[in-house]
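Working through the structure, step by step
For reference, the chains in residue letters:
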Amino acid sequence: MSPAFDKAAIDDIIAQHQALPGALLPILHAIQHAVGHVPADTVPAIATALSLSRAEVHGVISFYHHFHSKPMGDNIVQICRAEACQAVGARELEQHATTKLATALGNTSADGKVSLEPVYCLGNCACGPSVQIGDEVHARVTPERFDALINELKVRELEMSAPHAKEGEANS
Amino acid sequence: MITVYVPRDTTACALGADAVAQAISAEASQRNIDLQIIRNGSRGLFWLETLVEVTTDAGRVAYGPVNASDVGALFDASFHEGKDGHFSLGLTEDIPYLKNQERVNFIRAGIIDPLSVDDFKAHGGYAGLDRALDMQPQAIVDQVKESGLRGRGGAAFPAGIKWQTVHDTPPQQKYIVCNADEGDSGTFADRLLMEADPFQLIEGMTIAGLAVGATQGYIYLRSEYPKAHEALKAALANAYAAGYLGDNIAGSGKQFDLEVRLGAGAYICGEETSLLESLEGKRGMVRAKPPLPAIVGLFGQPTVINNVLTLASVSSIFEKGAEHYKNLGVGRSTGTLPMQLAGNIKRGGIVELAFGSSLRSLLEDFGGGTLSGKAIKAVQVGGPLGAYLPDAALDISLDYESFAAASAMLGHGGVVVFDESADMLEQARFAMEFCVVESCGKCTPCRIGSTRGVEVIDKIRDSKGRDDKQRDDNLILLEDLCDTMEFGSLCAMGGLTPFPVRSAIKHFPEDFGG
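The structure presented is a predicted model; accordingly, all values stated were derived computationally and were not measured.

1. Regarding the nonpolar core
Among the nonpolar cores identified, the biggest contains 211 residues, and B:Val177, B:Ala208 and B:Val304 are the most heavily contacted of them. Not counting residues up to four positions away in its chain, the partners in contact with B:Val304 are B:Lys162, B:Trp163, B:Val166, B:Ile176, B:Val177, B:Ala208, B:Val212, B:Ala214 and B:Ala294.

What follows is the structure, given as structure tokens:
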């Protein structure tokens, strides 16, 4: 099986960062940014470049919630589970989201579109419940607003796959 | 030309500020109105976001909360000429929520363009650094001691003493590390400061470098703050371009380099020793102390590690003097603490006050009570490891000593409000569950005790109202477990998780079937 990533690109990333003091996290961030996750096949190259054992690199990847060693869904949707959001309905929102997407927190929906992740605080605590999609935080997310956000994701995806469809809709 | 301000901070954008800015720009060009939009940081009045401001002869006039769909109506009411209308809030500075604060850290927030060095300097920025550049390192440390500044991250350790220790180590590579891993739920002051006034932090870290002889600094920022990351990267680049970082700071011949590094979603990395491990590229496992980070810190070198607000406060201490800072606050809690009103609160946001006002006044006069309109049941101050306080305890004074005396913690100033619908058994259970998820795993009482804690609380939930003996037995077991965690853990994660649990049981026994 061929790896689902460009090995030369990974080597470039490692070469760019390896001289930094404490280079491992910057390298892992850069790889995840490029590939979407940190493939297990990249671990040996990282370990060699930083004079670490593969176990040490794996240990770091698995320690941090942010790093994923398996491919994720097309969109990462994070629901804040922390206290400030709980005080304004995050527990109910979590229930709603897992039902709506038919997946548990920490898993990806069956169609592969959405990975639903827990997060503990997005720093938007005055206007919760908070949800982050990609790099965008959304405030005051009621179950209805959550459904609208998920639908927007699907519409955006349709537009991306069929660029002319949007014009047609606008004219109709 | 008309100048309009639309905030760019995380919360404003989460409430649609980008769309508001676009709508204003589009509407203005359609109406042939010559107008420039500056994306400022937020004033921290989050319940009014998106808060749009317009410059007038009398000062900046505010409108809010504005949605993109309201922009046409705003123009119809001539908001761009500062006229009154549906969303009009009058002069921004006269909004009581803002007017009644004593802002030190947030004095420029929402006023300046966060990424402009010139704007920062025009509002008093870098005056402190200029002063520090003329001082001997020991004199700088003495100023910080004189101010009484204490660490704002939660532990409230005197900053000057930490700095003195690093200053006194023999000359070698030393580091300044900023703890910007603001993971406590209900806190967002660090985030807003970095998004609204990042040069204040950069200036404070530079002064710290001069004080202890460190030439390299790192800001360890949590990965959950992408906007703060963008703001810091841009601000650092601008500070370098303006000659305020690098090997010749402000033409002095002195060196200080600064870099931002991202965490990766581990709450424990807000603990200073695990943060240092993480910066070194390792798992964020807590280190035993001693040795103190001030002596053996980052990469084994002497390191000042302070919270964002601590380092930022240094900017103001050197601009206005230690005496000025010390005269704010009460007793050994000097200066101001930006309180963060969060959770079920009508008017959430940043309220920066000198230490010593009452929690109830903060919740009622500023916060306006709960968002739901129901009675307040519990307030958690100081993050997920802070105690839950009942209504009867809300007259407490906001200072470190009063909170410690009440077995509570002021911490980083986060205040999370719950209304009467909250179930405090569930909140206690969550405290244990959070510890399961976020424990680094080094200490057994924290790593395993938290899992047992969830199980025991589940047993209490199952037996309450049905089997009093089983419930009581499990409450005793939970109390023992809390003791083990509190006294058998290296750091605050395991050591303080019992605080929210015990306070919930003590103040809300009815939720535990009592």
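2. Description of the pairing of strand 4 (residues 59–63) of chain B
As a general feature of sheets, a regular strand has side chains that alternate between the two faces. Residues and elements named next belong to chain B. Relative to strand 4, strand 3 (residues 52–56) runs antiparallel, the two sharing 5 bridges. Across the sheet, the residue bridging to Thr 56 is Gly 59, located in strand 4. Between the antiparallel neighbours strand 3 and strand 4 lie 2 residues. Judged from the 3 bridges that link them, strand 4 and strand 5 (residues 88–91) form a sheet pairing that is antiparallel. Among the inter-strand pairings, Val 61 is bridged to a residue of strand 5, identified as Leu 91.

3. A short note on the interface of chain B and chain A
If you look at the interface, chain B gives 48 residues, while chain A gives 33 residues. Those elements that place two or more of their residues in the side of chain B that touches chain A are helix 1 (10–14), strand 8 (257–262), helix 12 (272–279), strand 12 (336–343) and strand 16 (414–419) of chain B. Its residues assigned to classes, the side of chain B that touches chain A shows 23 nonpolar, 17 polar and 8 charged.

4. Topic: the domain arrangement of chain A
One can read the domain layout of chain A as domain 1 (7–63) and domain 2 (75–161). Of note, the centres of domain 1 of chain A and domain 2 of chain A, computed from C-alpha atoms alone, are 29 Å apart.

5. Brief notes about the packing of helix 9 (residues 189–196) of chain B against helix 11 (residues 226–241) of chain B
Residues and elements named next belong to chain B. It is the contact of helix 9 with helix 11, at a shortest axis distance of 8 Å, that shows an interaxial angle of 40 degrees. Handedness of the crossing formed by helix 9 with helix 11: left-handed. Residues Arg 191, Met 194 and Glu 195 of helix 9 form the contact with helix 11, whose participating residues are Lys 227, Ala 228, Ala 231 and Leu 232. Along the lines of polarity and charge, the residues of the contact of helix 9 with helix 11 split into 4 nonpolar, no polar and 3 charged.

What counts as what
- Residues numbered from 1 in each chain as written.
- Chains lettered and ligands numbered in written order.
- Predicted model: local features only at pLDDT ≥ 70, side-chain atom pairs only at ≥ 80, totals over all residues.
- Core = buried A, V, L, I, M, F, W, Y, C linked by C-beta atoms within 7 Å.
- Buried ≥ 20, exposed ≤ 12 C-beta atoms within 10 Å, placed from the backbone.
- Contact = placed C-beta atoms within 7 Å.
- Pairing = 2+ DSSP bridges.
- Helix = DSSP H or I, 4+ residues; strand = E, 2+ residues; numbered from the N terminus.
- Nonpolar A, V, L, I, M, F, W, Y, C, P; charged D, E, K, R; others polar.
- Domains from an automatic or database assignment.
- Axes fitted to C-alpha atoms, helices over the stretch in contact; angles between N-to-C directions.
- Left-handed = near helix turned anticlockwise from the far one by under 90°.

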